[in-house]
Amino acid sequence: MQCKVSFLTRKSRGGVTHIDEIVSGSSIRVGRSTENELYLSDFRVSLHHATIHDRQGRYYIEAESGSDLRVNNAIAQSTRLNKGDKIAVGPYDIEVISAEEGQDLDITIELVRQLGDDLEQLKQRSTTTLAATGFSRRRWSWVFYTIISLLFLVLPISAFFSDAVRDVFKDAPITADVAWKSGEFESAHTFFANDCKACHQEAFTTVRDTACATCHTETHTHADPQFFELSGLNETRCATCHKEHNGRDGLVRRDEGLCGDCHKDLDTTTGTDLTNVQDFGNNHPDFKATMFRFDARAKTFSTNREALKDKPVETSNLKFPHDKHLTVEGVDAPGGSRVMVCADCHQAEPGGIGMKPIVMKDHCSECHRLEFEADIPDRIVPHGNLEHILYTLTEYYGNLALKGGYDDLDAPAVVRNRRRPGQRITKRERKDAFLWAKQKAFDVGEDLFEDRVCSTCHDVTKVSDGNLRDGDAPKWEIAPVRLADTWLPKARFVHNKHQTMQCTDCHDAAKSEESGDVLIPAIDNCQQCHAGTEAAHNKIESTCVDCHGFHIAEDFLLGDRKGMPARKAMSATAERMDKNIK
Amino acid sequence: MMHQSLFVYSGYRYFKLCMVLIITSVIAYAIHTPVDGPNGGTWLGYTLGGLGAAIILLLMWFGMRKRSYKSDMGQVQGWLSAHVYLGVALIIIATLHAGFQIGWNIHTLAYILMFIVIFSGIFGVYAYLRYPALMTKNRRGNTLELMLVEMSELDRECREAAAQLTDEINKCILDCSENTKIGGSVWQQLSGKDSNCATLAAFNKAGELNKLLPKEMAGDASHLMTLLGKKCELVQRARRDVQYKAMMDIWLYFHVPLSFALLAALTAHVVSIFFYW
């Protein structure tokens, strides 16, 4: 067979050139290999791509194995060639110009799919910079800036000013308020603290005391805010000392400056008679005991503060020599001699701070029995009220007198004589018997009060002899007793914390002969272990609030400050008070 | 050398400045004993906070300064030197400002962002010290552009060499030239690898296929393998070049956007402090 082949080449400016060739053979092989009759050089053509056969004058094209053809855009392995057919072989298109039976085949071949520019394609496929991957620093900067500003600036501020915004984000995992929180709340505040507005009531304003006083109405102020109109005191806010956002345990200022800043020169700044103080170790006044002082004329107690170092004497009106009770030989007790210790009478309160009160019934009566007849030790008079004692005695002796048979030579016959059962006594006899009983009761009472029992501990004075005939009982008075439960009420001493010490380390009771002795040690005793922040290294650093409270103005409550007069009015008040002092 | 100048700029001027800042801050922190423990709310806390915020603004202004060629606010090199040293000093100053307190809040968020920004910057310094030299060595006087040109030349040569070899080998070569790419995704650029490298695949496959060729084609086959081997090496070098460049750039993708995140967080932090004064 023979085949006329025209190789077409299109020019860039238009127009087509062609190179014609006549190929012949029993069949015509098409492929990249130079062995082929129809040689197509492009590497995308197989070595042996297809073969054109002449079968009884009809022309067929068949793909070789592994290759395929596209005949008029349809994939085919074999097809008869007809005029106008377009067969794609790799990048070439073969167009059938003429395929008449018995005539030569006439085809054109054109490289229609040029191989692209390798370099350009390689560049297109390659992404060689991070910028080309689509990440933009500028875009991400905007995204981050916007998100964080919205979430952590715009939202919290909006929530502060708009309850609607607040409610919307109330249950969000990061609420506006949580995001701004600077630290854990004190545990007592946790139930409302996530609402910042509860305390921070105004924007760009420090937390006001009124916010605290919403709840803490009953907290005492430090001093009369009008009398002590001191900038250091009245401009001090609750939050100056109570530092919130510092953990569950809270944080309260404890440094010496808390008190010392004002109290170091309080006398010159206020004209007060309070003593200056700055540091427990080296600038603290002597301890002053608050003691009861008895005014015998007015029969009232007043309190008085006296320096302990001056060995002040207290008038409690009770006679109690500690030394007699603490002798090493022991005291006479119902069961025999007993050596007493401090704890027999002084027992700590449940809180461990102070001591339980001393009472006759619990601490004294076991030894100091209020017997009035040696023969009948079980009968005692009641403690506490002299009239009751006289009643008790009168009843007791009246009963004996009426029964008769009482062995007393001075007694009338009706009292002495034994009576038979059922024997009546006359009116006269009954009167005699009662007279005797009263006299007896008064005599025994006098003996009890003045000589034998009561006066052991108490100051007893006979104020009236009475008149037996008129029925007036004689009268005695016992000076009222007032035992101090604390001598240093302005400080807080916790006994429990000092358990490693012996009682006698501080209280020299064994040598105390008088109840007037105040067995509270002076400051130097405490200073053996405690010192201020300017302390020697081997002492316990103790600041003012370790012993003293700040909120101590009894008549002034934090809640009242809401209604305090304006500052100008206060100044006038303070001025007036100031004049009064001078 | 640029990196030497960065550190020793003007007789270690900024190094000295930062050492003074750091030492002063540490000493102040050590002797300051506020009643509520070290925190941002004491006088020292506010001082260190103000200093830290000023430093952050100054560091961020570097981005403006280096783009402004007409500026007469000192040399960019001096700014960069100060940028690096002040950035490192900020770690100490901000930590002391915070008094080592952290929590789930905007304040700690700003602190963490600041740390990421600073450490990405420190990585940037490291990258600028390390990679330019490696890059020069790897390029052997070429540029990436020239490497790509050389690659496409090799593709053409490969095709010519394979023209008379089997169809399978040709297909291999076609794949190699059509599918090889340099770089790619962020991860591919950073790793300098392509697990589906078409060139390497073609090299391996052509090697296998060549064994099946008749002896008379051995010459062509050997020539093809030489060309493919050359391309493999070239592709590897080009990818490494892209990798070095990516390493020198990647930190900026954290450093810059997160510094703006930090700016927002810092603003929120400062506003929140004074808002709830």
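These numbers were taken from a predicted model, which means no experiment stands behind them.

1. Focus on the overall build of chain B
Line of reasoning, step 1. What chain B contains, in helices and strands, is nine helices and zero strands.
Line of reasoning, step 2. Taking 19 Å as the expected radius of gyration for a compact globule of 277 residues, we find that chain B reaches 28 Å, considerably beyond that expectation.
Line of reasoning, step 3. Here chain B holds 277 residues, and the buried ones make up 49% of them.
Line of reasoning, step 4. Pairs at least 24 apart in sequence give 78% of the contacts found in chain B among residues at least 6 apart.
Line of reasoning, step 5. Only carbon and sulfur atoms are counted for the fraction: they give 67% of the accessible area of chain B, which is about 13,900 Å².
Line of reasoning, step 6. The distance from the centre of the 24 positive side-chain charges to the centre of the 19 negative ones in chain B is 11 Å.

2. Quick look at the pairing of strand E5 (residues 50–55) of chain A
Residues and elements named next belong to chain A.
Line of reasoning, step 1. Pairing analysis gives four bridges linking strand E3 (residues 27–31) to E5, with the strands arranged antiparallel. Within E5, the position partnered with Val30 by the bridge is Ala50.
Line of reasoning, step 2. The antiparallel hairpin formed by E5 and strand E6 (residues 58–63) contains two residues in its connecting segment, where Gln56 sits at a positive phi of about 50 degrees.

3. Observations concerning the sheet that holds strand E12 (residues 105–111) of chain A
All names here are of chain A.
Line of reasoning, step 1. One open sheet accounts for seven strands, arranged E2-E1-E12-E11-E10-E7-E8; its pairing is mixed. Where the open sheet ends on each side, the last strands, each with one partner, are strand E2 (16–24) and strand E8 (74–76). Averaged over all pairs of adjacent strands, the angle between their axes in this sheet comes to 30 degrees, without regard to strand direction.

4. Some words on the nonpolar core
Line of reasoning, step 1. Core analysis: the biggest nonpolar cluster contains 43 residues, and Ile148(A), Trp180(A), Ile55(B), Leu86(B), Leu90(B) and Leu113(B) have the highest contact counts within it.
Line of reasoning, step 2. If you tally residues by element for this core, the top one is helix H3 (residues 76–98) of chain B, at nine residues.
Line of reasoning, step 3. The next biggest cluster of nonpolar side chains, apart from the first, holds 30 residues, and it includes Leu122(A), Leu148(B), Leu234(B) and Val235(B).

5. As for the packing of aromatic side chains
Line of reasoning, step 1. Tallied over the full model, the rule gives 30 aromatic pairs over all chains.
Line of reasoning, step 2. Centre to centre, the rings of Tyr29(B) and Phe100(B) are 6.0 Å apart; their planes meet at 75 degrees, and the pair counts as edge-to-face. Remark: Phe100(B) occurs in the loop between H3 and helix H4 (106–139) and Tyr29(B) occurs in helix H1 (residues 2–31); sequence separation between them is 71 residues.
Line of reasoning, step 3. Taken together, Phe160(A), Phe161(A), Trp180(A), Phe204(A), Phe275(B) and Tyr276(B) form an aromatic cluster joined through their ring pairs.
Line of reasoning, step 4. We note Arg137(A) situated over the ring of Tyr253(B); from NZ or CZ to the ring centre the distance is 5.3 Å.
Line of reasoning, step 5. The ring centre of Phe292(A) lies 5.1 Å from the NZ or CZ of Arg482(A), which sits over that ring.

6. Regarding the interface of chain B and chain A
Line of reasoning, step 1. Every contact between the two is made by 59 residues of chain B and, on the other side, 53 residues of chain A.
Line of reasoning, step 2. Buried surface at the junction of chain B and chain A, both sides included, amounts to about 4,800 Å², of which 66% is carbon and sulfur.
Line of reasoning, step 3. Counting the surface chain B buries against chain A, the share from its top three residues, Tyr253(B), Phe275(B) and Tyr276(B), is 17%.
Line of reasoning, step 4. Between the two partners, chain B and chain A, sit three salt bridges.
Line of reasoning, step 5. Its salt-bridge partner being Arg32(A), residue Asp167(B) comes within 3.3 Å of it at the nearest N-O pair.
Line of reasoning, step 6. The tally of links from chain B across to chain A stands at 21 residue pairs in polar contact (both at pLDDT 80 or more).
Line of reasoning, step 7. Of all the secondary structure elements, the ones that give two or more residues to the side of chain B that touches chain A are H4, helix H5 (144–162), helix H6 (167–179), helix H7 (186–191) and helix H9 (218–275) of chain B.

7. Brief notes about the domain arrangement of chain A
Line of reasoning, step 1. According to the domain assignment, chain A consists of domain 1 (2–114), domain 2 (288–358 + 483–521) and domain 3 (386–478).
Line of reasoning, step 2. Between the C-alpha centres of domain 1 of chain A and domain 2 of chain A there is a distance of 131 Å.

8. Description of the confidence of the model for chain A
Residues and elements named next belong to chain A.
Line of reasoning, step 1. Taken over all residues, the pLDDT of chain A has a mean of 86, while the share at 70 or more is 95%.
Line of reasoning, step 2. Across chain A, helix H11 (residues 322–325) holds the top mean pLDDT of 94, while helix H20 (residues 567–581) sits lowest at 40.
Line of reasoning, step 3. Low confidence marks residues 562–582, where pLDDT is under 50. Its contacts with residues over four positions away, or in another chain, come to 21 contacts.

9. Observations concerning the packing of helix H1 (residues 118–125) of chain A against H5(B)
Line of reasoning, step 1. Relative orientation of the contacting elements H1(A) and H5(B) amounts to 125 degrees, with a least axis distance of 9 Å. Taken together, H1(A) and H5(B) sit at an angle that is classed as oblique. Handedness of the crossing formed by H1(A) with H5(B): right-handed. Side by side, H1(A) and H5(B) meet where Asp118(A), Leu119(A), Leu122(A) and Lys123(A) of the first sit next to Glu145(B), Leu148(B), Val149(B), Met151(B), Ser152(B), Asp155(B), Arg156(B) and Arg159(B) of the second.
Line of reasoning, step 2. For the contact of H1(A) with H5(B), the per-class residue count stands at five nonpolar, one polar and six charged.

10. Some details on the packing of helix H2 (residues 137–161) of chain A against H9(B)
Line of reasoning, step 1. In contact at an axis separation of 7 Å, H2(A) and H9(B) are set at 15 degrees when each is read in the N-to-C sense. Taken together, the axes of H2(A) and H9(B) are roughly parallel relative to one another. Seen from above, H2(A) lies across H9(B) with right-handed handedness.
Line of reasoning, step 2. For the contact of H2(A) with H9(B), the residue count by class is 22 nonpolar, three polar and one charged.

11. So, the environment of Asp155(B)
Line of reasoning, step 1. The topology assignment puts Asp155(B) in helix H5.
Line of reasoning, step 2. On the basis of relative accessibility, which here comes to 2%, the residue Asp155(B) falls in the buried class.
Line of reasoning, step 3. Between the C-alpha atom of Asp155(B) and that of Ser177(B), which follows or precedes it by 22 residues, the distance is 5.6 Å.
Line of reasoning, step 4. Those residues within four positions of Asp155(B) in sequence are excluded, and the remaining contacts are Asp118(A), Cys176(B), Ser177(B) and Lys231(B).

12. With respect to the pairing of E12(A)
Residue and element names in this part refer to chain A.
Line of reasoning, step 1. Of all seven residues in E12, six are buried, a share of seventy percent or more.
Line of reasoning, step 2. Note that strand E11 (residues 92–98) and E12 share six bridges and pair antiparallel. Opposite Val96, over in E12, you have Ile107 as the bridge partner.

13. Considerations on the side chain of Asp323(A)
All names here are of chain A.
Line of reasoning, step 1. Here Asp323 is to be found in helix H11.
Line of reasoning, step 2. Buried charge without a partner: Asp323 forms no salt bridge, and the closest opposite charge is Lys324, 6.3 Å away.
Line of reasoning, step 3. Excluding its chain neighbours within four sequence positions, the residues that come into contact with Asp323 are Ala509, Ala510, Lys511, Ser512 and Glu513.

14. A word on the environment of Asn138(B)
All names here are of chain B.
Line of reasoning, step 1. If you trace the backbone, Asn138 turns up in helix H4.
Line of reasoning, step 2. Sequence separation of Asn138 and Ala238 is 100 residues, and the distance between their C-alpha atoms is 8.5 Å.
Line of reasoning, step 3. In contact with Asn138, not counting residues within four places along its chain, are Arg237, Arg240, Asp241 and Tyr244.

15. Details of the pattern of salt bridges
All names here are of chain A.
Line of reasoning, step 1. A full pass over the atoms with the stated rule returns 38 salt bridges over all chains.
Line of reasoning, step 2. The partner of Glu101 in a salt bridge is Arg58, with the nearest N and O atoms 3.2 Å apart. Linking Glu101 in the loop between E11 and E12 with Arg58 in strand E6, this pair joins segments that are 43 residues apart in sequence.
Line of reasoning, step 3. The partly exposed category is assigned to Glu101, whose relative accessible area is 48%.
Line of reasoning, step 4. Arg58 sits in the partly exposed class, given a relative accessible area of 36%.
Line of reasoning, step 5. Across the pair Glu202 and Arg208 runs a salt bridge whose closest N-O atoms are separated by 3.0 Å.
Line of reasoning, step 6. Looking at Glu202, the relative accessible area reads 41%, which means it is partly exposed.
Line of reasoning, step 7. What emerges from the salt-bridge pattern is a single network uniting Arg58, Arg80 and Glu101.

16. Topic: the domain arrangement of chain B
Residues and elements named next belong to chain B.
Line of reasoning, step 1. One can read the domain layout of chain B as domain 1 (2–130 + 249–275) and domain 2 (144–247).
Line of reasoning, step 2. Inter-centroid distance (C-alpha atoms) of domain 1 to domain 2 is 48 Å.
Line of reasoning, step 3. Listed as interface residues are five residues of domain 1 and, on the opposing side, five residues of domain 2.
Line of reasoning, step 4. Taken together, the two surfaces of domain 1 and domain 2 that pack against each other cover about 370 Å², and 51% of this comes from carbon and sulfur.
Line of reasoning, step 5. Of all residues in domain 1, the largest losses of buried area upon contact with domain 2 belong to Phe123, Asp249 and Ile250, amounting jointly to 92% of the total for that side.
Line of reasoning, step 6. On the surface where domain 1 and domain 2 come into contact, there are one salt bridge.
Line of reasoning, step 7. Of the charged contacts, one joins Asp249 and Lys245 as a salt bridge, the two residues approaching to 2.8 Å between their closest N and O atoms.
Line of reasoning, step 8. When residues of the side of domain 1 that touches domain 2 are traced back to their parent elements, those giving at least two are H4 and H9.
Line of reasoning, step 9. The leading source of residues in the side of domain 1 that touches domain 2 is H9, at three residues.
Line of reasoning, step 10. Class assignment for the residues of the side of domain 1 that touches domain 2 results in four nonpolar, no polar and one charged.

Parameters and conventions
- Residues numbered from 1 in each chain as written.
- Chains lettered and ligands numbered in written order.
- Predicted model: local features only at pLDDT ≥ 70, side-chain atom pairs only at ≥ 80, totals over all residues.
- Heavy atoms only, no water.
- Helix = DSSP H or I, 4+ residues; strand = E, 2+ residues; numbered from the N terminus.
- Rg over C-alpha atoms; globule rule 2.2 N^0.38 Å.
- Buried < 20%, exposed > 50% of the residue type's maximum accessible area, 1.4 Å probe, protein only.
- Contact = heavy atoms within 4.5 Å.
- Areas by Shrake-Rupley, 256 points an atom, 1.4 Å probe, with all protein chains shown as cover.
- Lys, Arg positive; Asp, Glu negative; His and termini not counted.
- Charge placed at Lys NZ, Arg CZ, Asp CG, Glu CD.
- Pairing = 2+ DSSP bridges.
- Axes fitted to C-alpha atoms, helices over the stretch in contact; angles between N-to-C directions.
- Core = buried A, V, L, I, M, F, W, Y, C linked by side-chain atoms within 4.5 Å.
- Phe/Tyr/Trp six-rings, centres within 6.5 Å; stacked < 30°, edge-to-face > 60°.
- Lys NZ or Arg CZ within 6 Å of the ring centre and 35° of its normal.
- Buried area = accessible area lost by both parts, 1.4 Å probe.
- Salt bridge = Lys/Arg side-chain N within 4 Å of Asp/Glu carboxyl O.
- Polar contact = N/O pair within 3.5 Å; in protein donor to acceptor, adjacent residues only side chain to side chain.
- Domains from an automatic or database assignment.
- pLDDT = per-residue confidence, 0-100.
- Parallel < 35°, antiparallel > 145°, perpendicular 65-115°, else oblique.
- Left-handed = near helix turned anticlockwise from the far one by under 90°.
- Nonpolar A, V, L, I, M, F, W, Y, C, P; charged D, E, K, R; others polar.

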